[in-house]
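Chain residues, written in single-letter form:
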Amino acid sequence: MTLEPGSLRRVELRRIDLPLVSPFRTSFGVEADRDILLVRVEWQSASGAVTEGWGECVALAEPTYSAEYVDGAQHVMTSHLLPRLTSAASLSATDVGTLLAPIHGHPMAKGALEMAILDAQLRAAGISFGEHIGASATTIPSGVSVGIHDDVDSLLATVQGYVDDGYVRIKLKIEPGADVEHVAAVRDMIGPDMPLQVDANTAYTRTDGAHLARLDDYDLLLIEQPLPEDDIIGHARLAAEVVTPICLDESLVSASGTVDAIELGACEIANIKPGRVGGYLEAVRIHDVCRSRDIPVWCGGMVETGIGRAANAMLAALPGFVLPGDISASTRFYARDVVTDPIVIVDGHVTVPTSPGFGFEIDQSFLDEVTASTTLVHG
Ligand code: OSB
Ligand code: MG
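Throughout, a residue's number is its position along its own chain's written sequence, starting from 1. For this description, chains carry letters from A and ligands carry numbers from 1, given in the order in which they are written. Per-residue local features of the predicted model are confined to residues with pLDDT of at least 70, and side-chain atom pairs are confined, for both listing and counting, to 80 or more; whole-chain, interface and lining totals are unaffected and use all residues. Only hydrogens and water are set aside; all other atoms, that is, all heavy atoms of the structure, feed into the side-chain values.

**A short note on the side chain of Gln197**
Inspection of the secondary structure puts Gln197 in strand β7 (residues 196-199). Here, residues are in contact when the closest pair of their heavy atoms is within 4.5 Å. The contact partners of Gln197, leaving out residues within four places of it in the chain, are Arg169, Ile170, Lys171, Leu172, Leu220, Leu221, Leu222, Glu224 and Trp298. Helix and strand assignments follow DSSP, with helices taken as H or I runs no shorter than four residues and strands as E runs no shorter than two, numbered in order from the N terminus.

**Overview of the nonpolar core**
Within the largest apolar cluster, 129 residues are counted, with the highest numbers of intra-cluster contacts made by Met77, Phe129, Leu172 and Leu315. In terms of residue count, the dominant contributor to this core is helix α3 (residues 107-125) (10 residues). Each domain's extent was defined by an automatic or database domain assignment. Two domains share this core, each providing at least three of its residues, namely domain 1 (6-126 + 362-378) and domain 2 (131-351). Beyond its immediate stretch of four places on either side in the chain, Met77 contacts Leu13, Leu37, Val39, Cys57, Leu82, Pro83, Ala109, Ala112 and Leu113. Buried Ala, Val, Leu, Ile, Met, Phe, Trp, Tyr and Cys residues form a nonpolar core when they are joined through side-chain atoms within 4.5 Å. A 1.4 Å probe rolled over the protein chains alone gives each residue an accessible area, and that area as a share of the maximum for its type sets the label: buried under 20%, exposed over 50%, partly exposed in between.

**Some words on the coordination of the magnesium ion (ligand 2)**
The coordination sphere of the magnesium ion (ligand 2), as far as protein atoms go, consists of Asp199 (OD), Glu224 (OE) and Asp249 (OD), spread over 2.0 to 2.3 Å. Overall, Glu224 belongs to the buried group, its relative accessible area being 0%. Counted as coordinating are nitrogen, oxygen and sulfur atoms within 2.8 Å of the metal, or 3.2 Å for Na, K and Ca, while water is not included, which may make sites look incomplete.

**Focus: the packing of helix α2 (residues 93-100) against α3**
Axis angles are defined between N-to-C directions and span 0 to 180 degrees, where every axis is a line fitted to C-alpha atoms and, for a helix, only to the segment in contact. The contact between α2 and α3 brings their axes to 8 Å, and the two run at 155°. If you check the angle between α2 and α3, you find them roughly antiparallel. The two elements α2 and α3 cross, and the hand of that crossing is right-handed. Mapping the contact onto sequence places Ala93, Val96 and Leu100 in α2 and Lys110, Glu114, Ile117, Leu118 and Gln121 in α3. Amino acids are sorted into nonpolar (Ala, Val, Leu, Ile, Met, Phe, Trp, Tyr, Cys and Pro), charged (Asp, Glu, Lys and Arg) and polar (every other residue, Gly among them). For the contact of α2 with α3, the per-class residue count stands at five nonpolar, one polar and two charged. Angles are sorted into four bins: roughly parallel if under 35 degrees, roughly antiparallel if over 145, roughly perpendicular if 65 to 115, and oblique for all others. Less than a right angle of anticlockwise turn of the near helix away from the far helix marks a crossing as left-handed, whereas a clockwise turn marks it as right-handed.

**With respect to the environment of Val370**
Structurally, Val370 is set in helix α12 (residues 364-370). For the pair Val370 and Thr340, spaced 30 residues apart in sequence, the C-alpha separation works out to 15 Å. Sequence-distant contacts of Val370, that is, excluding residues within four places in its chain, are made with Arg15, Ile16, Asp17, Leu18 and Val338.

The structure is reproduced here in structure tokens:
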């Protein structure tokens, strides 16, 4: 279905501060709170109706996961991206990629703008994103991402808590020095049937193949992004050396690049993160190219609020998402969310939202409480 085009009447960039319930350590750093950039648009459709739409930018505070960071995302939006959108007399979310293509990079910033426009257009049409893309699952299995712990005992206590919460899949963050021993202890505690996987966030090198092959003893679903993001051939060599499937996260930034990585043997499973690839529309295209090549996909997370998580849940209802995603309960990271309908886990599953747009409702008073700044950039 084609959505009615329109134009941007007003665009606000809002920065919020949300503390995490506990620090989240990865191989690239420790996050104790999130400084998140939200985009609010007032959208006027061709027929004259005005609708609100929201986007969440997944860029972190520092350029440690990828080159983007939240201050940079806000700057590129204000100075380079939004002028190309606000000057259009008539546009659709499907035009955003083309209009912003002259600006290189910055997929997280671009994706947040596309998301806000798509949310508004879908709300104007009264349909959900899931319905729009033909995603039919009503519930999806929920996995949890567990940070690196200093000692194995505290890691086991944390993992046991998530098992008790009902999560159906555990992902352990790893790095050299916190890998085989941690995985062995967790596998021993959770038993052979619980799905388990690891994420290195680029912490290893091409010479670590024999070491990473030791993880083959623990029946992992996958090893996520062991090598630097630009090292596709290195991942292909590793895939030949290690039995556990190699999954790419940071390396995948477009559908065409994903096809290349698959054809080179570097990507046996794909982590799809809409922000990393420039938005939900490119995420659907990556799903499609993987599905037609029998590459399993799952939906990654960027410690989003209920805004991004609701959208991720709708995306993950597509049929190619055959593995549990990092779509955990809001309470995994936040004591209170900025939406009135945060993600909850029931029997290890999340109910896919069905209301129009990306399916969340803003908790305006709490959002105002946690807002550090609001910048009006248009309107
Ligand atoms: O590599 O998957 C990652 C969080 C922030 C940055 C990168 C990653 C992560 C996660 C997902 O592991 C955590 C989540 O959102 O549930
Ligand atoms: Mg990852």
